[in-house]
Structures are given as C-alpha cells and as structure tokens.
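Letter by letter, the chains look like this.
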Amino acid sequence: MTDDRGGLWRKNGELVRIGTIVAAASLLVAFLVTCAIMTSTNVNETTDLVYELKREYLKSNVDQLINGMETYRAERLRELAANRGVAEENLSEADVAAVDEEVKQYAKDVIYAADFEDGSYIWVNQVLDFDGGDDYAIRIIHPNLPETVGMRLSTNTMDIAGNYPYREELEGVLTHPEGCYYTYYFKEFHSDTVSEKYAYARLYDRYGWIIAMGVYVNEIDDYADQARGVGSRVGLVGTVVLLTVLGASAAGVYFVSKRRLQDAYDSANAELRHEAHIDALTGCWNRGYGDRLLAEAFSDFRRNEVGCGILMVDIDRFKDVNDTYGHDAGDRALRAVADALRGSFRAVDQVVRWGGDEFVVVLHGFTAEGVVAVEAKLREATARSRIEVDGKAIAMTLSAGLAAFGPEDKGYKPAVARADEALYEAKDGGRDRLCRRL
C-alpha cells in the first residue's frame, strides 16, 4: 500500500500558499480601492474646506479694514473735537471732511503696505451711480494695477469667460449688505497671466466704496493637489508594506494604513483651519475668528455661568509712529504689542487683532475681583511694548477698556460695545490707562 501523505502535504502546502497569495492580493486590492475612495472623498472635502476658509479669510480682511477705518475716524474726530474745545457734533463740515480725507489716506496706506502670501490684495472702487452702466464707478485703490487708479469703470465690461464682474459685484453688495462672493477672470498679481478669481466684496456706505478682496482659484486647486499627494503617498507606502508583510499580519497593516491615511487628511485640514484664522501680520487670532471665540465664550457664560471679560486695547498715538518712522516701523510696533499682550496675559486668554491698531483680549473665567490682576498684566504689556528704529528705542503706551458679560446681555456684542466705550473714556482721560464698564 502506497503512503500518499507526502503528496497530500505538498498539495496542502500549495493550497496554503495559494490561499495566502489570494488573501494578500484581496487585501491589496481592497486597500487600493479604499485609498482611491478615501482620496476622492477627502479631496472633495478638502476643496470644500479650502473654499470655506478662503471665504472667512477674504471676509475677515475686508471687515478688519472697514473696522479699522471706523475706529481711526472716531478717534480722529474725538481728538479734533478736544482740540477745538467743542462737542463732536459741533465740528464744522470742513473739519469732518478733513478727517474723512485722513481716513481715506489711512485705508490706502494700509492696503498698499499689506503683503499677502497667496497673491491676494484688497482693492477699492468708489460708486458714482448705483444704477450701474458706463462710468458707474471710479477705481480708487488697486495694488495689482496702480497705473489704472482714477479709471472709470462700467458694469457692461465683460471678462474672457463672458462674465460681467462689475455688474455682479454691484448687484451683490446692494442685495447683500453683509457682503457677497463671486468669481471672474482677472490678471494675476505681478503676472500677465489671466486666471479665475474668487472674490468677496462689501459696500462701505460712508464713502460709497466697494471694498473687495480675492484669491485665485488655482491657489485652491493647489490644496486639492496636495490632498491627492497625501493619498498617493500613503497608498504607495501601504502597498509596499502589504506586499512585504504577507499573511494574517497584512490585515493589521491594512487597517493601520487606512487609519493613517485619514489621520493625514485630518491633520492637514486642521492645520489649514488654524492658518486661516490667524492674522498674518501679528500672529494673533484675526477678527473673523475673534467673533467666533466671543460667541463661544458667551454660550459658555449662558450655559455654565463661566464669566468672561473683554479687554479692548489700543496703541496710543499709533499714527505718529507711522508718520514719523514709516509703515515698516508701524508694522513692527503692531507685532511688538501683540507679542507683549500674549506674553503678559495667561495662556488661556486669547488675543485678537480687532482692527487697525486695536486688539481684544478674551479673558476666560473673569470675575470682578480679577480687575487688579488685569491692570497689572496691562502694565506689564505696556512695559514690553517697545521697538528700536535706527538705534533709537521707541516705547509705546496702551489705553484699554474692560467689560464683562452680564445677565442682561443677549449676545457678546453689548459687552464689546461697553469695552469700546470704556476704551474711549481712557483715551479722553489722557491715555495710558484702563477704564471699565462692569
């Protein structure tokens, strides 16, 4: 009788090897399909996220400029009224007109001095006829095409794709006072290339200005390409590992690689969100995100009765720094104050660049007993607020207004308004001091 056990072992061994190969191949195919699906899904999600963040980014910069102009105007009117020895409402039309010219120059200086890394810039058109048509507006500020400042614009102008951007912009800001978004084709910054642009515009009623900012769509597409790159790199690494580690352990590699792929996307998107909420000049939270922080703090106050203070800080005579030493020194002064505030207050407190040379410090867990501590930290920040220009040390002083959420508040804005009133009291009282509305 022939012993067939050796043949059976060989056959079983071949079956095991074939089964292992089939299992590994199945896992490989499943992993590659998963990578493709996850990459496609995450690329779409990342693209949507980039558009969302770019919308916030554009709106925040335009809103911050307008808030800065309003703050600058209010301060100049107060100063002028104090110098004239009259109430603000009794200033002459000539005085108010002179201040308005200063505000417009302030806006031009800020816009032309701004340096956005993604090729963005802010431009301004002054509306002459809100019904549109030829010569409906005049170009006031345009960093990309400064030689066209003073040019008359027409809502009948068409771009290379057949869009009517000026018409869409005008109709958009009239329909949406909070601002509108639109796309069109325009010459890229420092380039002759014409590309699609995604823009935000808002009407500044006081001067009939349409203030707008845009980012080129190819910048958004670059983020999508980066997302594809993440998927490709993780997929390649996972494939190599799956081919190397055959058998049961491959299943573990499959799930680990899949998790790492998702983690890579989550990490990239979290970083993207963070960057979009930062003021590029000072490194503080920007105005758009500051509104969100205050809304969340107020919600916590209502739900959990957690107190929150709002410290509004302004650099005294900041205009003199710009006028005397130049805008580069002014930018350095802003960064110095931002660093001083972050270094003096607690890590839990959040510093926001509110607009122009104004900052807001969100004081979490604040109570009335904490006023003395806030005053001490403000003095510390003031002492740290200095720069050097041509070997000369320049010290700055800070005025501030302090308020807190109260039971009668329906949202965070009334407390912000009280902090603003207290700030102006500090300014009117001689500067370099803290006043409160508690």
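These remarks concern the structure in this document.

Rules used in this analysis
Residues numbered from 1 in each chain as written. Predicted model: local features only at pLDDT ≥ 70, side-chain atom pairs only at ≥ 80, totals over all residues. Heavy atoms only, no water. Helix = DSSP H or I, 4+ residues; strand = E, 2+ residues; numbered from the N terminus. Buried < 20%, exposed > 50% of the residue type's maximum accessible area, 1.4 Å probe, protein only. Contact = heavy atoms within 4.5 Å. Areas by Shrake-Rupley, 256 points an atom, 1.4 Å probe, with all protein chains shown as cover. Pairing = 2+ DSSP bridges. Axes fitted to C-alpha atoms, helices over the stretch in contact; angles between N-to-C directions. Salt bridge = Lys/Arg side-chain N within 4 Å of Asp/Glu carboxyl O. Expected span 1.5 Å × (residues − 1). Left-handed = near helix turned anticlockwise from the far one by under 90°. Nonpolar A, V, L, I, M, F, W, Y, C, P; charged D, E, K, R; others polar. Core = buried A, V, L, I, M, F, W, Y, C linked by side-chain atoms within 4.5 Å.

Notes on the overall build of the protein
Within the protein, the secondary structure is distributed over 10 helices and 13 strands. Burial status across the protein gives 48% buried among its 438 residues. Within the protein, contacts between residues at least 6 apart in sequence are counted, and of these 64% link residues at least 24 apart. By element, 52% of the accessible surface of the protein is carried by carbon and sulfur atoms, the whole surface being about 21800 Å².

Observations regarding the sheet that holds strand E3 (residues 152-153)
If you trace the six strands from one edge of the open sheet to the other, you get E3-E2-E1-E6-E5-E4, paired in antiparallel fashion. Two strands in the sheet have a free side with no partner beyond their single neighbour: E3 and strand E4 (180-187). Relative to strand E6 (residues 209-216), strand E1 (residues 121-127) is paired through six bridges, and the arrangement is antiparallel. Across the sheet, residue Val124 finds its bridge partner in E6, namely Ile211. Along the sheet face, helix H2 (residues 93-113) touches E1, strand E2 (137-141) and E6 and points at about 65° away from the line of E2. Contacts from helix H3 (residues 165-175) reach E1, E2, E3, E4, strand E5 (194-204) and E6 within the one sheet, and its direction differs from that of E4 by about 160°.

Topic: the pattern of salt bridges
According to the stated counting rule, one finds 26 salt bridges in the structure shown. Between Lys427 and Asp316 there is a salt bridge whose closest N-O contact spans 3.0 Å. Of this pair, Lys427 sits in helix H10 (residues 413-428) while Asp316 sits in the loop between strand E7 (308-315) and helix H7 (318-325), placing them 111 residues apart in sequence. Like Asp316, Lys427 is buried. A salt bridge links Asp323 to Lys319; the shortest N-O distance between them is 2.6 Å.

Topic: helix H8 (residues 327-344)
Helical geometry note: an α-helix holds 3.6 residues per turn, so side chains three or four residues apart project in the same direction. Between the first and last C-alpha of H8 there are 25 Å, a value that for 18 residues agrees with the 26 Å anticipated at 1.5 Å per step. Along H8, the residues classified as buried are Ala329, Gly330, Ala333, Leu334, Ala336, Val337, Ala338, Ala340, Leu341 and Ser344.

With respect to unusual backbone geometry
Most of the time, phi is negative for any residue but glycine, and the peptide bond is trans. Located in the positive-phi region is Arg317, a residue other than glycine, with phi close to 50°. Residue classification places Arg317 among the partly exposed residues on the basis of a relative accessible area of 45%. Non-glycine residue Arg431 carries a positive phi angle of around 70°. Mapped onto the elements of the fold, Arg431 is located in the loop between H10 and strand E13 (434-437). Assessed through its relative accessible area of 14%, Arg431 is described here as buried.

Examining the packing of H8 against helix H9 (residues 371-384)
As a packed pair, H8 and H9 sit with axes 8 Å apart at the nearest point and diverge in direction by 145°. In terms of crossing hand, the pair formed by H8 and H9 is right-handed. Taking contact as the criterion, the partners of Ala340, Leu341, Gly343 and Ser344 in H8 are, on H9, Lys377, Glu380, Ala381 and Arg384. Of the residues that constitute the contact of H8 with H9, the class distribution is three nonpolar, two polar and three charged.

Some thoughts on H10
In this model, H10 (16 residues) spans 23 Å end to end at C-alpha, consistent with the 22 Å of a helix rising 1.5 Å per residue. Those residues of H10 not exposed but buried are Ala415, Val416, Arg418, Ala419, Ala422, Leu423, Tyr424, Ala426 and Lys427. Of the residues one or two after H10, Gly430 is the one with positive phi, at around 120°.

What to know about the nonpolar core
If you look at the biggest cluster of nonpolar residues, it comprises 33 residues, and the most contacted ones within it are Leu311, Leu341 and Phe359. Listing elements by their share of this core, those giving two or more residues are E7, H7, H8, strand E9 (358-364), H9, strand E10 (386-389) and strand E12 (398-404). Examining the composition of this core, we find that eight residues originate from one element, H8, more than from any other. Aside from chain neighbours lying at most four places away, what touches Leu341 is Val313, Val351, Phe359, Val361 and Ala381. Membership of the second largest hydrophobic core comes to 31 residues, among which are Tyr72, Phe116, Ile138 and Ile141.

Here's the deal with the sheet that holds E13
Strands in a sheet are paired, the pairing made by backbone hydrogen bonds, and the direction either parallel or antiparallel. Ordered in space as E8-E9-E7-E12-E13, the five strands form an open sheet in which the pairing is mixed. Since the sheet does not close on itself, it has two edges, and those belong to strand E8 (350-355) and E13, each with one partner. Ignoring which end each strand starts from, the neighbouring axes of this sheet average 20° apart. Bridging between E8 and E9 involves five bridges; their strand directions are antiparallel. Paired with Val352 across the bridge in E9 is Val360. Sitting on the sheet, H8 is in contact with E7, E8, E9 and E12, with an inclination near 10° to E9.

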